[in-house]
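Structural characterization, general
Letter by letter, the chains look like this.
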Amino acid sequence: MLTEHEIKEIEKEIALYPVKSAACIEALKIVQQHRGWVPDEQIKDIAELLDMSYEEVDGVATFYNMIFRKPVGRNVIYVCNSVTCYMMGYESIYQTLSKKLGIKWGETTPDGRFTLLPNPCLGDCDHAPAMMVNHDHYNRLTPEKLDEILEKYK
Amino acid sequence: MEKPLTQNIKSDGSYCTLDEYRRNGGYEAARKAVLEMEPQQITQTVKDANLLGRGGAGFNTGMKWSFVDISDPNVQRYVIANGDEMEPGTFKDRMLLEGDPHQLIEGMIIAAKALQATKGYIFVRWAYKKAHRVIQQALDEAYQAGMLGNNIFGSNFSFELHLHTSVGRYICGEETALINSLEGKRANPRAKPPFPQISGLFGKPTIVNNVETYCNIPHIIKHGPVWYKSLSRSSEGGTKLYGVSGRVKNPGLWELPLGVTIRELLFDYAGGMQDGYKFRGLLPGGASTDFLVEEHLDTPMDFASVAKAGSRLGTGTMIVMDDQTCPVAFVHNLIRFFANESCGWCTPCREGLPWVEKVLEKIERGEGTEKDIDILRFHTKYLGPGNTFCALAPGAMEPLQSALKYFIDDFYRHIHEKKCPWKHE
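Residues numbered from 1 in each chain as written. Chains lettered and ligands numbered in written order. Predicted model: local features only at pLDDT ≥ 70, side-chain atom pairs only at ≥ 80, totals over all residues. Heavy atoms only, no water.

1. Structural notes on the packing of helix α3 (residues 39-48) of chain B against helix α9 (residues 211-230) of chain B
Residues and elements named next belong to chain B. How we decide: Interaxial angles span 0 to 180 degrees and are taken between N-to-C directions of axes, which are lines fitted to C-alpha atoms, for helices over the stretch in contact. Working definition: helices are DSSP H or I runs of at least four residues, strands are E runs of at least two. Numbering for both runs from the N terminus. Orientation labels follow simple angle bins: below 35 degrees gives roughly parallel, above 145 gives roughly antiparallel, 65 to 115 gives roughly perpendicular, and whatever is left gives oblique. Put simply, a crossing is left-handed when the front helix is turned counterclockwise from the back one by less than a right angle, and right-handed when it is turned clockwise. We call two residues in contact when some of their heavy atoms are within 4.5 Å. For this classification, the nonpolar set comprises Ala, Val, Leu, Ile, Met, Phe, Trp, Tyr, Cys and Pro, the charged set comprises Asp, Glu, Lys and Arg, and every other residue, Gly included, is treated as polar.
Between α3 and α9, the least distance of the axes is 8 Å, while the angle of their chain directions is 45 degrees. Considered as vectors, α3 and α9 are oriented oblique to each other. Judged by the twist between their axes, the crossing of α3 over α9 is left-handed. Contacts between α3 and α9 pair Ile42, Thr45, Val46 and Asp48 from the former with Ile217, Ile220, Ile221, Pro225 and Lys229 from the latter. The class makeup of the residues in the contact of α3 with α9 is six nonpolar, one polar and two charged.

2. Remarks on the sheet that holds strand β1 (residues 75-80) of chain A
Residue and element names in this part refer to chain A. Operational definition: DSSP-based pairing: two strands are paired if at least 2 bridges between them are found.
Taken in spatial order, the four strands line up as β2-β1-β3-β4 in an open sheet, and their pairing is mixed. Each edge of the open sheet carries a strand with a single partner, namely β2 (114-119) and β4 (136-138). Taken pair by pair, the neighbouring strands of this sheet meet at an average axis angle of 20 degrees, ignoring direction. Pairing geometry for β1 and β2, over six bridges, is parallel. What sits directly across from Tyr78, in β2, is Leu117.

3. Points about the packing of aromatic side chains
Condition: The rule is short: rings of Phe, Tyr and Trp, with Trp giving its six-membered ring, pair when the centres are within 6.5 Å, and they are stacked under 30 degrees, edge-to-face over 60, tilted in between. When accessible area is computed with a 1.4 Å probe and restricted to protein chains, residues below 20% of their type maximum are described as buried, those above 50% as exposed, and intermediate ones as partly exposed. Criterion for a charge above a ring: Arg CZ or Lys NZ at most 6 Å from the ring centre, at most 35 degrees from the ring normal.
A full pass over the atoms with the stated rule returns 18 aromatic pairs over all chains. Considering the side-chain rings of Tyr21 of chain B and Tyr27 of chain B, the 5.2 Å spacing of their centres and the 80 degrees angle between planes classify their relative orientation as edge-to-face. The two residues Tyr21 of chain B and Tyr27 of chain B agree in class, both being buried. The rings of Tyr17 of chain A together with Tyr78, Tyr121 and Phe202 of chain B are connected pair by pair, giving a single aromatic cluster. Lying over the aromatic face of Tyr128 of chain B, Arg125 of chain B brings its terminal NZ or CZ to 5.4 Å of the ring centre.

4. Structural notes on the interface of chain B and chain A
Rule in force here: Here the buried area means the combined drop in accessible surface, using a 1.4 Å probe, for two parts upon being joined, counting both sides. A pair is scored as a salt bridge if a Lys or Arg side-chain nitrogen falls within 4 Å of a carboxyl oxygen belonging to Asp or Glu. Whenever a nitrogen or oxygen atom comes within 3.5 Å of another N or O atom, the pair is scored as a polar contact, on the condition that within protein one atom can donate a hydrogen and the other can accept it, and that pairs from neighbouring residues in sequence are kept only if both atoms are in side chains.
Taken residue by residue, the interface counts 51 residues in chain B and 38 residues in chain A. For the pair chain B and chain A, the summed buried area comes to about 3600 Å², and 60% of that belongs to carbon and sulfur atoms. In terms of surface lost to chain A, no three residues of chain B exceed Trp126, Val167 and Arg186 of chain B, which account for 19% of the buried area on that side. Applying the counting rule to chain B against chain A returns one salt bridge. Our count for the contact surface shared by chain B and chain A stands at 19 residue pairs in polar contact (both at pLDDT 80 or more). If you list the elements that add at least two residues to the side of chain B that touches chain A, you get β3 (160-165), α8 (175-182), β5 (239-246), β6 (252-257), β8 (317-322) and α12 (327-341) of chain B. Of the residues forming the side of chain B that touches chain A, the biggest block, seven residues, is contributed by α12 of chain B.

What follows is the structure, encoded as structure tokens:
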């Protein structure tokens, strides 16, 4: 079930578009904001609310890499793995993070604190290598800087 | 040197507020366009300025606008800003979005008047969180000051502008995929024709322009096409945001006259290569442009000259490859990106890019054969222009086909030595 709060927020989005289904991405964003990811049941709820089929909503949800269809950690680390960061050494950043946290790409620490994901170019190429943790950008990374950054996220 | 696009960008990282923007003459061009100019007159002015689209395609912006039928006042028309900056190596629109949001809004108001569009969207990629905050604040300021909403500047023209923040995927930067995404759908590109100018967002006439493109508009309206063209060193109008990344001494972003040479950018602005690194080649305008090498360093960075040299100006943000980077690994990284970001809609792109990726990986691992080079060459034709639904796969083939031209010896070394010569283990 969607919460009343979620429904209210989604309905506000529906009002902005000429067709209900146009609010689909916003609805997925709203659910994820409240729950951290989008479970099957809420795909069904969104489909009902927007007069769409389950498959249509899931098709949209699984298309976009920033909609999570399985649970993620309390904090998500996005390491840029595109070409400039490759030349400037993102692999050592990944190796260090992977070792420190004991997880590989796509995995979550057993305590649920971090999920580690690769991400295409973050637009920080003149300060590469770069990564994001949740909404925060970090650049000119070196393996030595990582402890201090990770400390900020509990 | 005049720098209209970045004149308001502050070094402390804060954005240029409405008050500051107005103090510097901001919104005078929008006021003039809304109150004193006819739509066709605006479009003609932009056309005369020879402003070429800054997203990478380099099409004349005024010409693009002129394809929109504005005769029926009852038809809903849209203007959209493409701020889905995800081309690897590209970081130019970010500066404009975060630093001078009102310049973008003003450009879009003028475009809206020219196209008689009463609704607009600013589409910004998910990673640019600061830009989300800044654009939303600037939109709120503009609404409160009567520059957006009903009867803007006290005229009978109304324009509503909203921010849409994306949820990922490179393909959203393709304008018809972006439109599908705004409609809440999977971001698969649409068949063209019809072009968005005829049938775009919700089937209505729509113009999608890059963020940097819109940011040029207020200056063209304020100072005219003659002035605008005088900013450039080529026949293409204006200044351009140029970027350099890689192992150079001073990577960065600069607003310069269109047509500065690669050599000037690389040595005068980016400071040349870092000590201990030598120049091998560069992609002039993002991941989906052909390599240029030493012999091309005196090429002016304008659309026509870079095309003549065998590449594309693209986004104007160049990626420099040094001698300690393996060209096969470099191209493999690019192709992996494109294979991941293929929307999966058309078969050549969906199946071909992962194939190319696997072959490159195999060569990089030291297990490639000479036949693999033929397979790569075959794909550069098969995934080239005309064989796929959109420009993603042909774009992906540009760095590959040029790497096979300029760095073919390095590919063969991997095959003959049965290892990557750059890996010392």
